[in-house]
Amino acid sequence: LTGGLNNNFTLGGLNLAFVLKYQNNQFFAEGTSGISLGSYNFSNARFKISSSGTPTLEGTLTQPFNIGGLLSNFTLKYQNNALFAEGASSISLGAYSFSSAKFKISSSGAVSLEGGITNNFIISGINTAFTLKYENNELFAESALGISLGNYNFPQARFKISSSGAVSLLGNLTNAFSIAGLNPIQFNLKYENGILYAIAASGINLGNYGFDAARIKIASHGDIVLTGGLNNNFTLGGLNLAFVLKYQNNQFFAEGTSGISLGSYNFPEAKFRISSVGLVSLVGNLVNNFSLPGISSLLPFTLTYNNGVIRATGSRVVSLGNYSFNASFSIDSNGNVTVSGSNTFNISGRSIGFNLHYANGVFSAVGNTNIAVAGVNFSNATVTISSNGTLDASGTASYTYAYACPTWENPLQTCNNTVTATLHYSSLQGFYFTY
C-alpha cells in the first residue's frame, strides 16, 4: 500500500483516525488505540474496519470505572452504529441488590441505568418498593412517596438507600395523629439502627394531668409504645400520690400505686386511675373493715372519690342504751372520723328529734326543743342522750313566783320574785326545774 493511508471516520458518534492496512491477504483499516466515552477511557481498545466495511472492536474492551461510589467493570460495545459501554448485570447498594440492573455509558460519556431498576426490600419489617436512580453522579435507590406505620401515614416521606447501602429518610417526616382519644400530637418519623418508628414531639396530657417527659412511640407496624418519663406525682383529694402512665387496650391512663391511706385507715389494694381525658376514679378493692373506738365490732368501709374529695363511708346501727340510730360513718383524707344520724324519741310524753354525735371515741345524741314544765317555758332546751342511754336536760328560763310578805297594814299581802329556773331530767321525775 502506498499513498494516503490515513483517514477519519465517524463511528458511534465519535470522529476517529484510521490507518489502511493490508496483512495476510486482507485489506482493513485500524483505528488508533484508545477510545474515550466522555471521561471514561478504554486505553487499549480500538476500531477495525474489515474489507467489506464492517466496523468491529478489538483490544481490551473491559475496564473498571467508579460510578456513583461503585467500582464496576464495563465492556465496550458497538451495535447498530451505536458505541457504548455496558456494566455487568446486577447492581448492589450494600446488601440491597438489583440483580438485573446495569449501567450504560453512551458515546458522549452520559451514564444511565437499564434493566430491572425496581425491587422490593424489607426495611424494618416493611416490604417497600424501590427504584434505582443515578443523578448528579450519585447512585441511590428511592421508594415511592408515603411511609405507613400501620394506620399512621406520612404521605410525603420516602426511603433512600445510598450506594453503600445506608438507609435514610427524605421528605416531610412530620405528621399529627390523634391516638386513643388524645388531642392531636405532632410525630417525627425516624430510622435509626435499622429500626423505623415515629416519636411524639411533646409530652402527654390526660386532661389537666401532664407527663411532660413522656413520649408516644409508634413502631414500624403501628404498635403504640410509651417511652420517656412515665412517672409523676399528683395531689388528689388532699393526698400526694405517685402515678405511672400506661397504654393498654387502645387506652391511655395513669395509675397510682396500690394502697391508699386515710390517716391510719388503709385500703391496701385500692388505687387511683386517671383516664385519657383526665377523669379520676378509684379501682381495686375499695372495701376494708376497721375498728373504731366506741364500737365493739369491725365496721366495713367503702372508699369513694367525688368532686375532688376522697373519703371512706360506712353505716351501722348505733345504740345508746335503748335509743337506736341508723348511723353513717365517714373518714376524711386525714383520718378524721365523723358520724351522722338522727331519730325521734318520745321523752316523758314529748316527741324530740335527736342528732347523733361522735367525739374522742364516745357516742352521744343531742336534741333541741321547747319544753314547758309547770307553766315555765324553756325555749330551745337541750336534751342529751349519753353513750349508755342516760338522759339529761339543760336550759334556762325566767320564773316568777309569789310569796307571802305580810305587813301590819296588810297581813295577807303577797309579793312576786323573778328568778332563773334551770331545767333537769331524771328517770323518776321526768323533766323538772330548780331555781
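What you see is a predicted model; the values in this text were computed from it and never measured. (Residues numbered from 1 in each chain as written. Predicted model: local features only at pLDDT ≥ 70, side-chain atom pairs only at ≥ 80, totals over all residues. Heavy atoms only, no water.)

Chemist: What exactly am I supposed to notice about the side chain of Lys160 here?
Modeler: As for its placement among the helices and strands, Lys160 is situated in strand 20 (residues 157-162). Looking at Lys160, the relative accessible area reads 16%, which means it is buried. A distance of 2.7 Å separates polar atoms of two side chains, one belonging to Lys160 and the other to Glu138. Here Lys160 is in contact with Glu138, Phe140, Ala141, Ala166, Val167, Ser168 and Leu170, once residues within four sequence places are set aside. (Helix = DSSP H or I, 4+ residues; strand = E, 2+ residues; numbered from the N terminus. Buried < 20%, exposed > 50% of the residue type's maximum accessible area, 1.4 Å probe, protein only. Polar contact = N/O pair within 3.5 Å; in protein donor to acceptor, adjacent residues only side chain to side chain. Contact = heavy atoms within 4.5 Å.)

Chemist: Would you mind showing me how to read the pairing of strand 34 (residues 270-274) here?
Modeler: Successive residues of a regular strand alternate their side chains across the two faces of the sheet. Only one face of strand 34 is covered, namely the one carrying Ala270, Phe272 and Ile274; the face carrying Lys271 and Arg273 has none of its residues buried. Note that strand 31 (residues 251-256) and strand 34 share two bridges and pair antiparallel. If you follow Ala254 over to strand 34, its bridge partner there is Ile274. Note that strand 34 and strand 35 (residues 280-284) share five bridges and pair antiparallel. Bridging from a neighbouring strand, Ala270 pairs with Gly284 of strand 35. (Pairing = 2+ DSSP bridges.)

Chemist: It is not clear to me how the packing of aromatic side chains should be interpreted in this structure. Could you clarify?
Modeler: Under the counting rule described, the total for this entry stands at 38 aromatic pairs. Aromatic side chains Phe42 and Phe65 sit 5.4 Å apart centroid to centroid with 80° between the ring planes, which places their arrangement in the edge-to-face category. Separated by 23 residues along the polypeptide, Phe42 in strand 5 (residues 40-42) and Phe65 in strand 8 (residues 62-67) bring together distant segments of the chain. Its relative accessible area of 10% is what places Phe65 among the buried residues. Ring centres 5.3 Å apart and planes at 35° place the aromatic pair Tyr401 and Tyr435 in the tilted group. With Tyr401 in strand 46 (residues 396-404) and Tyr435 in the segment after strand 48 (430-434), the pair connects residues that are 34 residues apart, well separated along the chain. What links up through ring pairs into an aromatic cluster is the set Tyr265, Phe267, Phe290, Phe301, Phe329, Tyr358 and Phe363. If you follow Lys104 out to its NZ or CZ, it ends over the ring of Phe84, 4.5 Å from the centre. Stacked on the ring of Phe140, the Lys or Arg Lys160 has its end atom at 4.8 Å from the ring centre. (Phe/Tyr/Trp six-rings, centres within 6.5 Å; stacked < 30°, edge-to-face > 60°. Lys NZ or Arg CZ within 6 Å of the ring centre and 35° of its normal.)

Chemist: I'm lost on unusual backbone geometry in this one. Help?
Modeler: Phi at Ser124 is positive, roughly 50°, even though this residue is not glycine. Looking at where Ser124 falls in the secondary structure, it is placed in the loop between strand 15 (118-123) and strand 16 (126-135). Classification of Ser124 by relative accessible area gives buried; the value is 17%. Of note, the phi angle at Ala180 is positive, near 50°, even though the residue is not glycine. With relative accessibility at 19%, the residue Ala180 sits in the buried group.

Chemist: What is the right way to read the sheet that holds strand 6 (residues 45-49) from this model?
Modeler: One key point about sheets: their strands pair by backbone hydrogen bonds, in either a parallel or an antiparallel sense. As summarised here, the arrangement of the five strands in space is 1-2-3-6-7, forming an open sheet in which the pairing is antiparallel. In this open sheet, the two strands that pair with only one neighbour each are strand 1 (6-11) and strand 7 (55-59). Adjacent strand axes in the sheet meet at a mean angle of 40°, parallel and antiparallel pairs treated alike. Pairing of strand 1 with strand 2 (residues 14-23) involves six bridges; the strand directions are antiparallel. Residue pairing in the sheet places Asn7 in a bridge with Phe18 of strand 2. (Axes fitted to C-alpha atoms, helices over the stretch in contact; angles between N-to-C directions.)

Chemist: What should I look at first to understand the nonpolar core in this one?
Modeler: Grouped together as the largest cluster of nonpolar side chains are 127 residues, with contacts concentrated most on Ile179, Phe187, Ile216, Phe272, Leu303, Phe329 and Phe431. Setting aside its immediate chain neighbours within four residues, Leu303 contacts Ile260, Leu262, Phe267, Ala270, Leu282, Leu286, Ile310, Arg311 and Ala312. (Core = buried A, V, L, I, M, F, W, Y, C linked by side-chain atoms within 4.5 Å.)

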